[in-house]
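One-letter residues, chain by chain:
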Amino acid sequence: YIHGVCRLALQFLEEMPRRGVYPNLHTYTGAVTACHRAGQWQRALDLLQGCRKSGLEPDVFVYSAAVSACEVGRQWQHALGLLDDMHRHGVAPNGVTYNAALSACEQGGRWAEALG
C-alpha cells in the first residue's frame, strides 16, 4: 500500500501540467513525504531535484521531508549533504530537519559526523 501511495504521488505530479495545473511547494512536500513513508529515499531526492527544475526553490518543509527519507533509508551522507545544500541556498533547517539528520547518522554509526 505504502509503495502505491508513493507511485500515485509521482503519477499525480506528472499528470498535473497536462491538466494545466502546476505543482507548488505544498505538492512537492506531499510527494516527498509519500516517498519517505514508503522508504523510497532515492525517489524523494529525485523529487527535490524536480522541484528545482520546475523553477521552485525548496523550502524547509520539502528539505525536511527529503532528509527524513534519507533517515529511513539510512543514507547519512545524503542527509548531511542536504543540510549543506540548505545552508548554501539560505534555507534554515528546523528541529525536524536536524533530528532526522542526527538519526540518519546514528543509524549509520556516524556520531562524529552528527556532532561535527
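Read on for an overview of the structure. (Residues numbered from 1 in each chain as written. Predicted model: local features only at pLDDT ≥ 70, side-chain atom pairs only at ≥ 80, totals over all residues. Heavy atoms only, no water.)

Some points on helix α5 (residues 76-88)
Helical periodicity: at 3.6 residues per turn, an α-helix aligns residues three or four positions apart in one direction.
Right, so step 1: Taking 1.5 Å as the rise per residue, α5 with 13 residues should run 18 Å; its terminal C-alpha atoms sit 19 Å apart, in good agreement.
Right, so step 2: Turning to α5, its buried residues number three or more, namely Trp76, Ala79, Leu80, Leu82, Leu83, Asp85 and Met86.
Right, so step 3: Residue Gly90 follows α5 closely and has a positive phi angle near 70 degrees. (Helix = DSSP H or I, 4+ residues; strand = E, 2+ residues; numbered from the N terminus. Expected span 1.5 Å × (residues − 1). Buried < 20%, exposed > 50% of the residue type's maximum accessible area, 1.4 Å probe, protein only.)

A look at the packing of α5 against helix α6 (residues 95-107)
Right, so step 1: At a closest axis distance of 8 Å, the pairing of α5 and α6 adopts a crossing angle of 150 degrees. Accordingly, the angle class assigned to the pair α5 and α6 is roughly antiparallel. Along this stretch, α5 crosses α6, giving a crossing that reads as left-handed. Note on element contacts: α6 touches α5 through Thr97, Tyr98, Ala101, Ala104 and Cys105, opposite Trp76, Ala79, Leu80, Leu83, Met86 and His87.
Right, so step 2: Broken down by class, the residue content of the contact of α5 with α6 amounts to nine nonpolar, two polar and no charged. (Axes fitted to C-alpha atoms, helices over the stretch in contact; angles between N-to-C directions. Parallel < 35°, antiparallel > 145°, perpendicular 65-115°, else oblique. Left-handed = near helix turned anticlockwise from the far one by under 90°. Contact = heavy atoms within 4.5 Å. Nonpolar A, V, L, I, M, F, W, Y, C, P; charged D, E, K, R; others polar.)

What to know about the nonpolar core
Right, so step 1: Ranked by size, the top nonpolar core spans 34 residues in total, and within it Val32, Leu47 and Leu82 carry the most contacts.
Right, so step 2: Looking at this core, the elements that each hand over two or more residues are α1 (2-15), α2 (25-37), α3 (41-53), α4 (60-72), α5 and α6.
Right, so step 3: Counting residues per element, this core draws most heavily on α4, at eight residues.
Right, so step 4: Beyond its immediate sequence surroundings of up to four residues, Leu47 is in contact with Leu10, Leu13, Tyr28, Ala31, Val32 and Cys35. (Core = buried A, V, L, I, M, F, W, Y, C linked by side-chain atoms within 4.5 Å.)

Topic: the side chain of Ser68
Right, so step 1: Relative to the assigned elements, Ser68 resides in helix α4.
Right, so step 2: Judged by relative accessible area, which is 10%, Ser68 ranks as buried.
Right, so step 3: Residues in contact with Ser68, not counting those within four places in the same chain, are His36, Val96 and Ala100.

Describing the packing of α4 against α5
Right, so step 1: Packing of α4 against α5 leaves a shortest axis separation of 8 Å and a crossing angle of 165 degrees. Between α4 and α5, the angle falls in the class roughly antiparallel. Classified by chirality, the crossing of α5 by α4 is left-handed. Contacts from Val60, Tyr63, Ala66, Val67 and Cys70 of α4 reach α5 at His78, Ala79, Leu82, Asp85 and Met86.
Right, so step 2: Here the contact of α4 with α5 is composed, by residue class, of eight nonpolar, one polar and one charged.

Section: the pattern of salt bridges
Opposite charge on two side chains permits pairing when their charged atoms draw close.
Right, so step 1: Taken as a whole and assessed by the stated rule, the structure comprises six salt bridges.
Right, so step 2: Ionic pairing is found between Glu14 and Arg18, a salt bridge with its closest N-O pair at 3.1 Å. Pair check on accessibility: Glu14 and Arg18 agree, each one exposed.
Right, so step 3: For Glu15, the salt bridge goes to Arg18, with nearest N and O atoms at 3.1 Å.
Right, so step 4: Each member of the salt-bridge network shares a partner with another, and the members are Glu14, Glu15, Arg18 and Arg19. (Salt bridge = Lys/Arg side-chain N within 4 Å of Asp/Glu carboxyl O.)

It is worth stressing that arrangement in space is one thing and function is another; only the former is reported here.
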